[in-house]
Amino acid sequence: MRRLQTKYRAVIGVLLFYLPFHIFLSPTYWDDATFAKMLGEYHNNLLSYTITRYETWSSRITIELVLPFLTTWPAFIWKTLNLLMIALLYFDLVWIMEHLFDLREKRTYVMTAVLLCAFPFSIMAQTGWIATTTNYLWVIALGLYAINRMLQAGLHGQSLSGRETLLSALSIFYCASFESMAAILFLVELGLLLYCKKEKRKCPAVVFLCMGLTILFLLYILSCPGNRLRPVSDARYWMPEFFELTVVDRLRMGVLSSYMHFVSLPSPVFFILNMAVFFSWKGESFGKRLMAAVPVITDVAWTGWFMVNYFMGWRVLTYQVPTPLPKSMADRVEQGLLLVTVAAWFAIVLYTLFTRAKGSRPAVVILVLACLPEMAVGITPTVIASILRTMIYLYMAMIILIVALYDSGEEKWPAFGRRFLWFCMGAGVLLNACQIARHIMLYG
């Protein structure tokens, strides 16, 4: 173990953290149970099953072809694959740290691993362990793998092996049937094409290959009848007010649902990012330090407000979602203040990334791209049900940004700030373990 590089020791630590939970969890409830018997309802006819799902429900064809098998095969198959996907996700994040931010210190690998263990993994069981992870964890792990290979070839001019090209294409084939990931992939591929044209370089074949597959899936998604029918049935079940909402209202739902997830129950990763923003301005003028304190102050203030709501009996202690059509003055004031808070948070974090982070441009792009899935879910009637698991995109972006800010100016931080940040990360890992254990005890 001592002879291994730090990043390999770190990923072993991540796997050792998640392994005991995978041993005890039981992927047999909610959507997992539904998919386990779904193929039998079609008399094991994959073609009939796929056509019906396409016409009535979803365009996620490659993902939904995997689900009936994983839910009926022995659970250890999915558990093994899921642990491998967690390891792949770690290496995806590390590759971004190394090649887009030029971060290769030992603390880079250790901090990435610790933050990945602090990520609230129980949200990956919101509809059942297998159904949620295959639609979100696997999609983002494979999507980032393909993106990293395209960046390796297009941005850094490094040639790919035949195996890497094939794996990139297969990764696109799996994850591009997921709507938001297809959009992210297309934006990255388009950006690489424009970059190569600007630099007067030949665009690598892997970018054209992946872009071709992505465009095919985007056309497939846009033409899918199920994608047009599903919002109607979802609105009846989840949000009857949906068709009364304007476009601005739907965007408001996406913005507020995302922020309220982080503050209605304490989110260690979000809090750590806010603290990293604050400590990044150490030694600057009082006005700048006061500005940098706004994200963490508002984070604590809103969490305290929702806790007061809970103890007063006005809300239950769970992740909060905004009222679709606020009628009372209290709701309107609360949502208005939340929107101002989000605007201030976004502006301050972007300004900090532009001025304090090593690799500021990729940091800003990562944050903006990670917000797209939240906005996409926000304009659908499933925002109340789906926003929680969609947060994995923002969580992965936050992990990258925390490490980038810490490694960009750690030597300037006060000793207390460094120790406090590591303490918060340790507390986040402990909280994540408690949340996963609670979920397993309640549901399986």
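Given the structure is predicted, the values throughout are model-derived calculations rather than measurements. (Residues numbered from 1 in each chain as written. Predicted model: local features only at pLDDT ≥ 70, side-chain atom pairs only at ≥ 80, totals over all residues. Heavy atoms only, no water.)

With that out of the way, let us pick up the overall build of the chain. Looking only at helices and strands, one finds 19 helices and zero strands in the chain. Taking 22 Å as the expected radius of gyration for a compact globule of 444 residues, we find that the chain reaches 22 Å, a close match to that expectation. Based on the C-alpha atoms only, the size of the chain along its principal axes is roughly 70 × 60 × 45 Å. Taken over 444 residues, the chain has a buried fraction of 54%. Separation of charge centres in the chain, based on 37 positive and 25 negative side chains, amounts to 7 Å. (Helix = DSSP H or I, 4+ residues; strand = E, 2+ residues; numbered from the N terminus. Rg over C-alpha atoms; globule rule 2.2 N^0.38 Å. Buried < 20%, exposed > 50% of the residue type's maximum accessible area, 1.4 Å probe, protein only. Lys, Arg positive; Asp, Glu negative; His and termini not counted. Charge placed at Lys NZ, Arg CZ, Asp CG, Glu CD.)

If you roll a probe as big as a water molecule over the atoms, it shows you where there is empty space left. Taken as a whole, the largest pocket spans an internal volume of roughly 1,200 Å³. What lines the largest pocket is a set of 42 residues, and nearest its centre among them are Arg-60, Arg-230, Asp-234, Thr-382 and Ser-386. Counting residues per element, the ones that place at least two in the lining of the largest pocket are α2 (31-41), α4 (61-70), α7 (129-154), α9 (179-198), α10 (205-223), α11 (225-238), α16 (360-378) and α17 (383-390). Among the elements that line the lining of the largest pocket, the one with the most residues is α11, at seven residues. (1 Å grid on protein atoms, 1.4 Å probe; cavity = no way out; pocket = protein on both sides within 12 Å on 5 of 7 lines; lining within 4 Å. Points joined across faces, edges and corners; volume = space filled by probe spheres on them.)

On to the nonpolar core, then. By size, the foremost hydrophobic cluster in this structure holds 140 residues, and its most contacted members are Tyr-18 and Met-396. Setting aside its immediate chain neighbours within four residues, Met-396 contacts Leu-89, Leu-93, Leu-116, Phe-119 and Ile-140. (Core = buried A, V, L, I, M, F, W, Y, C linked by side-chain atoms within 4.5 Å. Contact = heavy atoms within 4.5 Å.)

Remark: α16 packs on helix α18 (residues 392-409), axes separated minimally by 8 Å, with the N-to-C direction vectors making an angle of 165 degrees. Between α16 and α18, the interaxial angle falls into the category roughly antiparallel. For the pair α16 and α18, the sense of crossing is left-handed. Seen from α16, the contacting residues are Ala-363, Ile-366, Leu-367, Ala-370, Cys-371, Pro-373 and Glu-374; seen from α18, they are Tyr-393, Leu-394, Ala-397, Ile-400 and Leu-401. Residues of the contact of α16 with α18, tallied by class, amount to eleven nonpolar, no polar and one charged. (Axes fitted to C-alpha atoms, helices over the stretch in contact; angles between N-to-C directions. Parallel < 35°, antiparallel > 145°, perpendicular 65-115°, else oblique. Left-handed = near helix turned anticlockwise from the far one by under 90°. Nonpolar A, V, L, I, M, F, W, Y, C, P; charged D, E, K, R; others polar.)

Within this structure, the stated rule accounts for three cavities of 30 Å³ or more. Approximately 60 Å³ is the volume found for the largest cavity. The wall of the largest cavity is formed by 13 residues, among which Pro-120, Pro-266, Ser-267, Pro-268 and Tyr-319 lie closest to the centre. Considering every element that reaches the lining of the largest cavity, the biggest residue donor is helix α19 (residues 415-442), with four residues. Residues belonging to the lining of the largest cavity are distributed by class as follows: eight nonpolar, five polar and no charged.

This next bit is on the side chain of Ser-258. Locating Ser-258 in the fold gives a position in helix α12 (residues 247-264). Discounting chain neighbours no more than four positions away, the residues touching Ser-258 are Glu-374, Ile-387 and Met-391.

Together, Leu-16, Leu-19, Ile-23 and Phe-24 make up a nonpolar patch on the protein surface, roughly 440 Å² of accessible area in all. As for its placement among the helices and strands, Leu-19 is situated in helix α1 (residues 6-24). When its relative accessible area of 37% is taken as the criterion, Leu-19 is described as partly exposed. (Patch = residues over 30% accessible without salt bridge, like charges linked within 9 Å, V, L, I, M, F, W, Y side chains within 5 Å. Areas by Shrake-Rupley, 256 points an atom, 1.4 Å probe, with all protein chains shown as cover. Salt bridge = Lys/Arg side-chain N within 4 Å of Asp/Glu carboxyl O.)

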